[in-house]
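Listed here are the chains, written in short residue letters.
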Amino acid sequence: MTYQNVTIRIPTEYGPIEIPDPNGKVFSFLRLLDGTHRKEDLSRILSISDSEVESGIRKILDFRLLECLDPDKDKNVFNERELLRYKNNLSYFSLYETETESRFTFQSRLKSATVAVLGLGGGSVIAAWLASMGIGRIIGIDYDVVELGNLNRQMLYTEGDVGRLKAEAAKERLLMINSDTVVETRNQKVDSAKSIMNIVREADVVVGAIDWPLLYGSRYVNTACLLENKPLFFAGLRHGSAFIHRVLPYRTGCADCFWLTALRSNESTLSFVNDVIDGVYTPQINPAFAPNIALLTSLVGSEIAKYIAKHSPLFPKSYTRIRLHDTELSHHDVPRLPECPSCGSHSINSPEPPDLMTLKSLMNQR
Ligand SMILES: [Zn+2]
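Treat the numbers as computed from the prediction; the structure is a model and nothing was measured.

**Points about the packing of aromatic side chains**
In step 1: What the rule picks out here adds up to eleven aromatic pairs.
In step 2: Plain terms: the ring middles of F258 and Y319 are 5.0 Å apart, the flat faces sit at 10 degrees to each other, and that makes the pair stacked. Within this pair, whereas F258 is found in helix 11 (residues 255–265), its partner Y319 is found in strand 10 (residues 319–323), the two being separated by 61 residues in sequence.
In step 3: Here F258 falls in the buried class, since its relative accessible area comes to 15%.
In step 4: Given the relative accessible area of 4%, Y319 is considered buried.
In step 5: Ring geometry for W259 and F272: centres 5.9 Å apart, planes at 40 degrees, overall tilted. A residue pair is termed long-range when its members are at least 10 positions apart, and W259 in helix 11 and F272 in helix 12 (residues 267–278) qualify at 13 residues.
In step 6: Site record: aromatic cluster; members linked through ring pairs are F243, F258, W259, F272, Y281 and Y319.
In step 7: Seen from the ring of Y216, R219 lies directly overhead, with NZ or CZ sitting 5.5 Å from the centre.
In step 8: The aromatic ring of F243 is capped on one face by R238, whose charged end is 4.1 Å from the ring centroid.

This is the structure:
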C-alpha cells in the first residue's frame, strides 16, 4: 500500500485499487488495521465515530482485503490428511476471508453439508466435483444403467461400468475420489414427488438433473423441494444452450413459474408442451458433448459451493444461460408468480405437481 498525490494505491491482480484520500485519514485508518488494534482503539486514535470505523471496515471487506482475526479458526475440524487434500481449496478460500470467517470456516461448511443429486447422468459429473471439493455427504439417485453412449461425457464412469447400475458405479467411483465423503446412492425410479421426499428431506441442497419423464421428472423434484423448503439447483441442456436454474422456495420462481413464463412469452415452448401432452414430442438436438457438460457441471458445482460455504455471492439472477458456441453467460430473473400452481400465493401445498393441461390452462390467467 502506498500513499502518493493524495491517493492510496493497493496493488491487486486485477490492477491497483485507488482510493482518493485528500487529508490522509483513510491511509492512517488502513495502517491501523494490522490485527493489533480493536475497533474502539481506532475511533479513539483517529477521533472518528464507531459507525465511521464500521463503515470503513465494511468497505475494506468489499475489496476482499481483510484477513480473519483468528487465522486458524475452525482448523481443528480437519485432520492432517484433509489439510493436505484441501490445501488448494484453502488457498482459494483465503481470498474471501472476513474478520470472523477463516479459510477453514468455508471448508468446514462444505464438510458438514449434505447434497442430494437427483439423476446420475450429467449429475454424476456434478457429484464428482462435490466429492472432490469435500462435501461431507452425497446422496444420489438414478434408475439407469451405464451405456456406451454415456461415456462421451459422463467421466465418472468407465468402459468397465457399461451395463452396471449408475447408482452402484457412481457410489464406487465417488468413494474412490474421496473416501472421507459419505456416499449413499439408490437405484430408484423417480415417478412422483413422494418418491424422493425422504431424500430431499435429508439434504441441505438439492441438484435437479433428472430429465425423465419429460417435463415431469424435474417438476417432481420441484414439488418435493417446495414442500420440504430446500434450495434447488436445476442443471440441463436445451438446443444450443446450457442452463442453471436456482430455486429458493417461495423466494424465487420455481420450475412451474419458469414454464408459465415461457409459455406466455415463447411460441416454441407452447408447441413443445403441446407435443409432450400429445405424446408426439421427438427430441431434436442434444448438445451433450463432454466440454459442454464439463462447463455446465463445473458452474453448478461452483454455485453449490458458494451457496454452502458462503465465501462469495451467487450468480446475480436465478436463471443463468450459457450459450454453448461462444460460452456467453446471461443471467435472467424467473419471477415467482402468484398464480403458479406449485409455489404461488393462491396455491395450496399440493403433494404432486399438477398435470401439464392444468399448467397450460393457467397461461392466460393472471
Ligand atoms: Zn412457482
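**Section: the pattern of salt bridges**
It is possible for side chains of opposite charge to pair when their charged atoms get near one another.
In step 1: The tally for this structure, following the rule as stated, stands at 22 salt bridges.
In step 2: Of the charged contacts in the structure, one is a salt bridge between E82 and K111, with a shortest N-O distance of 3.0 Å. Taken together, the residues span a long stretch of sequence, with E82 in helix 4 (residues 80–85) and K111 in helix 6 (residues 103–111) at a distance of 29 residues.
In step 3: Note on K111: relative accessible area 30%, which makes it partly exposed.
In step 4: Bridged by salt links that share partners, the residues D161, R164, E168, E172 and R173 form one connected network.

**Section: the coordination of the zinc ion**
In step 1: For the zinc ion, the full set of protein donor atoms is C254 (SG), C257 (SG), C340 (SG) and C343 (SG), at a range of 2.2 to 2.3 Å.
In step 2: Classification of the site at the zinc ion rests on its four donor atoms, whose angles at the metal span 96 to 121 degrees, yielding the label tetrahedral.

**Here we look at unusual backbone geometry**
In step 1: A cis amide bond links W212 with the next residue in sequence, P213, at an omega value of -5 degrees.
In step 2: For P213, the position within the fold is in the loop between strand 7 (205–208) and helix 10 (217–228).
In step 3: The phi torsion at L215 lies on the positive side, around 65 degrees, for a residue other than glycine.
In step 4: Structurally, L215 is set in the loop between strand 7 and helix 10.
In step 5: Its identity is not glycine, yet K310 carries a phi of approximately 60 degrees, on the positive side.
In step 6: Among the structural elements, K310 can be located in the loop between helix 13 (290–309) and strand 10.
In step 7: Residue classification places K310 among the exposed residues on the basis of a relative accessible area of 56%.

**With respect to the nonpolar core**
In step 1: Counting 42 residues, the largest nonpolar core has L118, V206 and V221 as the members making the most contacts within it.
In step 2: The dominant element in this core, judged by the number of residues it contributes, is helix 11, at six residues.
In step 3: Leaving out residues up to four positions away in the same chain, L118 has contacts with I141, I196, I199, V200, V206, V207, G208, A209, I210 and V221.
In step 4: Among the nonpolar cores identified, the runner-up in size contains 40 residues, and L130, Y157, A209 and I304 belong to it.

Cut-offs used in this document
- Residues numbered from 1 in each chain as written.
- Predicted model: local features only at pLDDT ≥ 70, side-chain atom pairs only at ≥ 80, totals over all residues.
- Heavy atoms only, no water.
- Phe/Tyr/Trp six-rings, centres within 6.5 Å; stacked < 30°, edge-to-face > 60°.
- Helix = DSSP H or I, 4+ residues; strand = E, 2+ residues; numbered from the N terminus.
- Buried < 20%, exposed > 50% of the residue type's maximum accessible area, 1.4 Å probe, protein only.
- Lys NZ or Arg CZ within 6 Å of the ring centre and 35° of its normal.
- Salt bridge = Lys/Arg side-chain N within 4 Å of Asp/Glu carboxyl O.
- Donors = N, O, S within 2.8 Å, 3.2 Å for Na, K, Ca; no water.
- Tetrahedral: all angles 85-135°; square planar, octahedral: opposite > 155°, others 65-115°.
- Core = buried A, V, L, I, M, F, W, Y, C linked by side-chain atoms within 4.5 Å.
- Contact = heavy atoms within 4.5 Å.

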